[in-house]
Amino acid sequence: EGVPFAPTDESWLAETARDAMAIPARFMGMQITGGSSSTPDAYEKMRRAGAAARVALVEAAAKRLNVGASELSTKNGAVTAPDGTALPYTALAQEAAKIDLPDDPPLKPRSQWRLLGKSLPRVDMVGKCTGTADYAIDVQPPDMLHATVRMNPALGAPMRGFKATEARAMRGVLDIIEMRGGGIAVIADNTWRAMRAAEAVEIDWEDAPYPADTAGHMAAVEASFFEDMRDSQFRDDGDVEAALTGSGVVEAEYRVPYLAHATMEPMNAVAWLRSGMLDIWAGNQGPTIAREKAAQIAGLEESAVTIHTPVMGGGFGRRAEMDVIEQAVEIAVAMEGRPVKLTWSRAEDMTHDAYRPPAIGRFRGTVENGLPRAFDLSVAAPSVMESQMGRIGVSMPGPDVTLVQGAWDQPWRIPDYRVTGYRTPALAPVSSWRSVGFSYTSFFHESALDELAHKAGRDPLEMRLAMIDHEPSRKILEAVAEVSGWGNALPKGHGRGLAFTLSFGVPTAQVIEVAATDDGIRLVNAWGAVDVGVALDPGNIEAQVQGGMIYGLSAAIMGQIDFADDHVVQTNFHDYDALRLHRCPPISVTVLENGSKIRGIGEPGTPPAAPALANAIFAATGQRIRELPMNRQIRFV
């Protein structure tokens, strides 16, 4: 969906543009996981590959058994003849490999699916729950060295120099080297000693190229609302300016901060350069990009680089960045012949992320006959794509679609409807954070719709149902209303909030119920409904939506990265916390399949969480939350 067409637009032009995206993708040759794209991209390809292999295996069995291919069936890893003779695929593989594969193999109709469409046990669940799964941080090649880094906390600035006399004399320290990009690496006989020595190095840092504190960053975003900073205006229906006259105009400004990815597994990578060959073990979201970058640093052909991708202890977009891998390769080149495990401290990770950008949304709107008449939303933020793609050497011509995704492309019938994006000049490094631009535009857009519903004296659900312009989205709203008991009486002090976002092609609606107590706001219940087109594993979808909602609620309640004196303030989970079990409400998920295409589900659960919670708090207390995180304004219990 990286084209300037709304996901609901299935016109010839929109579909042609989407199909054409395969052409630059082939030339770029990237293997990535991101944008909730893996399932929609691989679904047909993997089915066709499996179907083609099945044809070849059946043909091989038919020749061996001297029967017609139509008489044979496949099940449980074998081709079976009418008399019960079963030939395992492994026994047929060599013969099947010599058979030309069909260009258009027959796909099994859904009525014959035995496994797809059902919740199946995850093969990795036991390992992840018992601590026996092997992550990159568990990799232990023989004779391995350990390393850590200290890079300039003024992100992107170089280092003037360093003194390491004390650090070099510390127990277990083998070497201290200067790193490209402004910093040092300490190599030692274990990670703890490397980290202690890194703290002892005296370093003279250059100043940051961006404002010194959070107020300066937000001022830069605020200063972007000018015509010469305009990045896009993908939607401009009707005559917004004419409609926004008179005394009935609703105006609001919404703000969100920088956010860190905060993956549970610390950033790490193992690199081993020997005999002109380079092996790298790292949890990553872009192995082909990692291979290209590693080859450049090591001065090797890409064919000499092998990327091993273990399971990741959290990605959320963070492991699409190549920084830790590049550093591990740089250290491995200096220590050629021995494997080196680079492990960042948690503080290094928190203070050297590529963050979700700060953003400001300015809204004006009017209502007429109980419905929005005019809706004008302006969004300003640094460009994720400009920052992220620039780090891998790819230029990004034209507007950044992610800047306003989730605002202009929503399925609402509003006569005068305009969304404008303003690109803030680069500040601190920013990157894809789970759901990218939807993570803040949904808060802006759905909060604004709730304010218009209040202005119109209309139930927020009824208003949305009256203006929805997409049938699968309508059914999602109806489904979440039914399971949440929307409209039923609530105990005193309770409130329900509703939010809807169409992200990554997935209509997603969420309702959150809160209680206003003497001690603060308590989250009581949460419901989510999604439409993925084809639900390959409903249990996995439920888990992804629950995780996405918790991720979004954590950020909405307490997520914030601050800057002071050029440096990031937050350093660990004590000051960048997540939603704990005692605060997390029960989350019920409903999965529908009315969409025209199969969709991914890794990110759509996140965007509606913040506005649903904010709208619930307003329903319970009358207090409108327009700036995140919420715990800087109210108390949660």
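Provided above is the structure to which this section pertains.
What counts, and at which threshold
Here, residues in each chain are numbered from 1, in the same order as that chain's written sequence. Two thresholds apply to this predicted model, a pLDDT of at least 70 for residue-level local features and 80 or more for giving and counting side-chain atom pairs, whereas whole-chain, interface and lining totals are computed over all residues. With hydrogens and water set aside, each side-chain value is computed from the structure's full complement of heavy atoms. A helix here means a DSSP run of H or I that spans at least four residues, while a strand means a run of E at least two residues long, and both kinds are numbered starting from the N terminus. Accessibility here uses a 1.4 Å probe with only protein chains present; expressed as a share of the type maximum, an area under 20% marks a residue as buried, one over 50% as exposed, and anything in between as partly exposed. The contact rule is simple, with two residues in contact once any of their heavy atoms fall within 4.5 Å. Pairing between strands is defined by DSSP: at least two bridges between the two strands are required. By convention, a crossover is right-handed whenever its connection, traced from the first strand over the helix to the second and viewed with the strands pointing away, goes clockwise. Axes here mean lines fitted to C-alpha atoms, for a helix over just the part in contact, with angles spanning 0 to 180 degrees between N-to-C directions. In plain words, nonpolar cores are sets of buried Ala, Val, Leu, Ile, Met, Phe, Trp, Tyr and Cys residues tied together by side-chain atoms within 4.5 Å.

In this fold, Ser232 is placed in strand S9 (residues 230-237). By relative accessible area, which is 5% here, Ser232 ends up buried. Each residue touching Ser232, except ones within four places of it in the same chain, is listed here: Pro399, Val404, Val419, Thr420 and Gly421.

Let us now look at the pairing of strand S12 (residues 277-281). Of all 5 residues making up S12, 4 are buried, and the element is well covered by its neighbours. Sheet topology places strand S11 (residues 268-274) next to S12; 5 bridges connect them, and they run antiparallel. Bridge assignment links Arg274 to a residue of S12, and that residue is Met277. Between S11 and S12, which pair antiparallel one after the other, the connecting turn spans 2 residues, and Ser275 there sits at a positive phi close to 50°. Looking at chain direction, S12 and strand S13 (residues 305-308) are connected through 4 bridges and run parallel. Among the inter-strand pairings, Ile280 is bridged to a residue of S13, identified as Ile307. In this region the chain leaves S12, passes through helix H10 (residues 287-298) and returns to the parallel neighbour S13; the handedness of that crossover is right-handed.

Another point: the sheet that holds strand S1 (residues 73-75). Taken together, 3 strands build an open sheet; the order of strands is S1-S2-S3 and the sheet is antiparallel. The outermost strands of the open sheet, each flanked by one partner alone, are S1 and strand S3 (86-88). Adjacent strand axes in the sheet meet at a mean angle of 30°, parallel and antiparallel pairs treated alike. With 3 bridges connecting them, S1 and strand S2 (residues 78-80) associate as antiparallel partners. What sits directly across from Lys75, in S2, is Ala78.

Here the focus is the nonpolar core. Core analysis: the largest hydrophobic core is formed by 78 residues, its most contacted members being Phe375, Trp412, Phe444, Leu613, Met630 and Phe636. Here the element with the most residues in this core is helix H18 (residues 609-621); it accounts for 8 residues. Ignoring sequence-local partners within four residues, the contact set of Met630 consists of Ala556, Ile557, Ala610, Leu613, Ala614, Ile617, Ile625 and Phe636. Membership of the second largest hydrophobic core comes to 35 residues, among which are Met267, Ile289, Ala290 and Ala328.

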